[in-house]
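Now for the letters of each chain:
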Amino acid sequence: MLARPSHITALGALGTLFAGGVTLRSYIAPATEPGIFSCVGFKVFGYSPCPYGLTIFFLITLLAALMWKIPNLYPRLRTPLLVLGIVGVLFSGWVAWREIGLPAVTLGNVFWQSFSLAKVPACAWGFVVFVLTLGLVCKLPTANPKSSLS
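These figures come from a predicted structure and were not determined experimentally. (Residues numbered from 1 in each chain as written. Predicted model: local features only at pLDDT ≥ 70, side-chain atom pairs only at ≥ 80, totals over all residues. Heavy atoms only, no water.)

**Remarks on the packing of helix H2 (residues 50–69) against helix H3 (residues 74–107)**
Close contact between H2 and H3 brings their axes to 10 Å; oriented N to C, the two are set at 160°. Comparing their axes, H3 and H2 come out roughly antiparallel. Crossing of H2 over H3 shows left-handed handedness. In this structure, H2 contributes Tyr 52, Gly 53, Ile 56, Leu 59, Ile 60, Leu 63, Ala 64, Leu 66 and Met 67 to the contact, and H3 contributes Tyr 74, Leu 77, Arg 78, Pro 80, Leu 81, Leu 84, Gly 85, Val 87, Gly 88 and Phe 91. Taken together, the residues that form the contact of H2 with H3 break down as 15 nonpolar, three polar and one charged. (Axes fitted to C-alpha atoms, helices over the stretch in contact; angles between N-to-C directions. Helix = DSSP H or I, 4+ residues; strand = E, 2+ residues; numbered from the N terminus. Parallel < 35°, antiparallel > 145°, perpendicular 65-115°, else oblique. Left-handed = near helix turned anticlockwise from the far one by under 90°. Contact = heavy atoms within 4.5 Å. Nonpolar A, V, L, I, M, F, W, Y, C, P; charged D, E, K, R; others polar.)

Here's what the structure looks like:
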């Protein structure tokens, strides 16, 4: 089955809503512990990683929606969409590695004894959505088949 721009738009919108909610929460009521709805941890250029994820998800949603609604743009938007998907996977993967992977390697069994899915940071969940989005972008046909744009 080929992916459709509408699928990517929906997944991008889900990511935008999630990252937007986490970003908003981090400014209104900052959390002190990591978790699915918190953006705790290190800073990238003075900001938590969440606003960056929000920006990438928003751009993916915008490009996929344009690709879906304006078929003439399809060939020109496929590559930028692919690049944004790769950037999202690399960025969120790097953040998730710093927040989960590195402590797991350095602390070993101590880390895993206190590990909880409820304390997995938002960036790790964003990584999952970015991987799914990139997978769909890779499954887009190179040409614009009119039957797949509905």
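**What to know about the nonpolar core**
Of all hydrophobic cores here, the largest spans 20 residues; its most connected members are Ile 8, Ile 60, Met 67, Leu 81, Phe 130 and Leu 140. In terms of residue count, H2 provides more of this core than any other element does, six residues in total. Setting aside its immediate chain neighbours within four residues, Ile 8 contacts Ile 60, Ala 64, Leu 81, Thr 133, Leu 136, Val 137 and Leu 140. In this structure, Ile 100, Ala 104, Phe 111 and Ala 124 belong to the second largest nonpolar core, which totals six residues. (Core = buried A, V, L, I, M, F, W, Y, C linked by side-chain atoms within 4.5 Å. Buried < 20%, exposed > 50% of the residue type's maximum accessible area, 1.4 Å probe, protein only.)

**Comments concerning helix H1 (residues 5–28)**
For H1, with 24 residues, the first-to-last C-alpha span of 34 Å sits near the 34 Å given by 1.5 Å per residue. Here H1 has its buried residues at Pro 5, Ser 6, Ile 8, Thr 9, Leu 11, Gly 12, Gly 15, Thr 16, Ala 19, Val 22, Thr 23 and Ser 26. Structurally, H1 contributes buried residues whose contacts are with H2, H3 and helix H5 (122–138). (Expected span 1.5 Å × (residues − 1).)

**Description of empty space enclosed by the protein**
All told, the structure shown has two cavities of 30 Å³ or more when counted by the stated rule. The calculated volume of the largest cavity comes to roughly 140 Å³. Elements with a minimum of two residues in the lining of the largest cavity: H1, H2, H3 and H5. At four residues, H5 tops the list of elements feeding residues into the lining of the largest cavity. Here the lining of the largest cavity is built from residues that sort into ten nonpolar, three polar and no charged. (1 Å grid on protein atoms, 1.4 Å probe; cavity = no way out; pocket = protein on both sides within 12 Å on 5 of 7 lines; lining within 4 Å. Points joined across faces, edges and corners; volume = space filled by probe spheres on them.)

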